[in-house]
Amino acid sequence: MLVKSSQANKRLEFTEGNHNRDFSYVEKVAEGLLRVGVSGAEQGSVINIATGNLTSIRSYIEIAAKDQGIDERRLDFVALPTHGSKR
């Protein structure tokens with residue numbers, strides 16, 4: 001959405017974005033899955049391939065927008081209700 005929006009001059013609407021996620025590069029996830037496949041782990045084992053670093057959705061969007069040259073004033077982090085909110 002950000003890449004497509006960087007070409008338009010519209011306001012971008014988001015929730016507050018305060019919830020955290022563990023973002024990973026797809027290449028690292030693919031490598032982790034390949035390693036699991038050859039690890040000999042017992043079926044049903046729990047294997048975590050996350051980074052362990054939590055980042056807020058808002059921070060992620062701000063970083064990505066800056067990378068795409070999107071003016072931060074176009075980012076509206078209160079336009080949409082957060083899941084479970086009563087707005």
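First, a word on what this report is: a plain description of the structure on this page.

Counted under the stated rule, the structure contains two aromatic pairs. Ring plane angle 25° and centroid distance 5.4 Å describe the contact between Phe14 and Phe77, whose orientation is recorded as stacked. With a gap of 63 residues between them, Phe14 in the loop between β1 (12-13) and β2 (20-21) and Phe77 in the segment after β4 (75-76) connect regions that are remote in the sequence. Owing to a relative accessible area of 11%, Phe14 belongs among the buried residues under this scheme.

With respect to the helices and strands, the residue Val29 is situated in helix α2 (residues 26-38). Under the relative-accessibility criterion, Val29 is labelled partly exposed at 28%. In the structure, Val29 is positioned 22 residues away from Thr51 in sequence and 9.5 Å away in space, judged by C-alpha atoms. Discounting residues that sit within four places of it in the chain, Val29 has contacts with Ser24 and Ile49.

Turning next to helix α3 (residues 57-67). Along an α-helix, a turn takes 3.6 residues, which lines up residues three or four apart on a common side. Along α3, the residues classified as buried are Ile57, Ile61, Ala64 and Ala65. The buried residues of α3 occupy an angular sector of 100° when projected down its axis, which confines them to one face. Looking at α3, the residues exposed on the side facing more than 90 degrees away from the buried face are Ile63, Lys66 and Asp67. In this structure, the buried residues of α3 make contact with α1 (2-5), β2, β3 (55-56) and β4.

Cut-offs and rules
Residues numbered from 1 in each chain as written. Predicted model: local features only at pLDDT ≥ 70, side-chain atom pairs only at ≥ 80, totals over all residues. Heavy atoms only, no water. Phe/Tyr/Trp six-rings, centres within 6.5 Å; stacked < 30°, edge-to-face > 60°. Helix = DSSP H or I, 4+ residues; strand = E, 2+ residues; numbered from the N terminus. Buried < 20%, exposed > 50% of the residue type's maximum accessible area, 1.4 Å probe, protein only. Contact = heavy atoms within 4.5 Å. Arc of directions from axis to C-beta.

Honestly, that's just the spatial picture; any functional story needs more than this.
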